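Structural overview for review
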Amino acid sequence: MRKIHRKIVSGALLCGCALFTLYGASRIAERAENGAISVSVTDAEKVVPIVILDAGHGAST
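Reference entry: report on the structure contained in this document. (Residues numbered from 1 in each chain as written. Predicted model: local features only at pLDDT ≥ 70, side-chain atom pairs only at ≥ 80, totals over all residues. Heavy atoms only, no water.)

1. Digging into the overall build of the chain
Heads up, the condition is: Going along the chain from the N terminus, every DSSP run of H or I of four or more residues is numbered as a helix, and every run of E of two or more is numbered as a strand. Only protein chains enter the area calculation, which uses a 1.4 Å probe; residues under 20% of their type maximum are buried, those over 50% are exposed, and those in between are partly exposed. Per-residue and other accessible areas follow the Shrake-Rupley method at a 1.4 Å probe size, with only the shown protein chains counted as cover for residues.
Each helix and strand counted, the chain has one helix and zero strands in total. When burial is assessed residue by residue, the chain has 3% of its 61 residues classed as buried. Counting only carbon and sulfur atoms, one obtains 66% of the accessible surface of the chain, whose full area is about 6,300 Å².

And the structure:
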């Protein structure tokens, strides 16, 4: 009986943490320009673009 109770409590706690994280992310995105969150510390205008070449195994053509 204790195992079942522990699983229910841990699942509820995990769900609560996930909902709190999603709520926080939505509040940050709401304040950001165009709903986009910057993942870089540097300014987008000063960064040189990086081209990634795909090795392709026939799927990218």
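Alright, that's what it looks like, and here's the rest.
2. Some remarks on the state of the cysteines
Rules: Any two cysteine sulfur atoms within 2.5 Å of one another count as a disulfide.
All chains considered together, the criterion is met by zero disulfides. Of all cysteine sulfurs in the structure, the one in cysteine 17 sits closest to cysteine 15, which takes part in no disulfide; the separation is 9.4 Å.

3. Notes on a positive patch on the surface
Rules: Within this analysis, patches are made of residues with over 30% relative accessible area and no salt bridge. Like charges are joined at 9 Å or less; nonpolar side chains (Val, Leu, Ile, Met, Phe, Trp, Tyr) at 5 Å or less. Salt bridge, as used here: a side-chain nitrogen of Lys or Arg that lies within 4 Å of a carboxyl oxygen of Asp or Glu. In this count, Lys and Arg are taken as positive residues and Asp and Glu as negative ones, while His and the chain termini are left out. Taken as the charge centre is NZ of Lys, CZ of Arg, CG of Asp or CD of Glu, depending on the residue.
Together, Arg2, Lys3, Arg6 and Lys7 give the surface a local cluster of positive charge. Position of lysine 3 among the secondary structure elements: in helix H1 (residues 2-31). Its relative accessible area of 61% is what places lysine 3 among the exposed residues.

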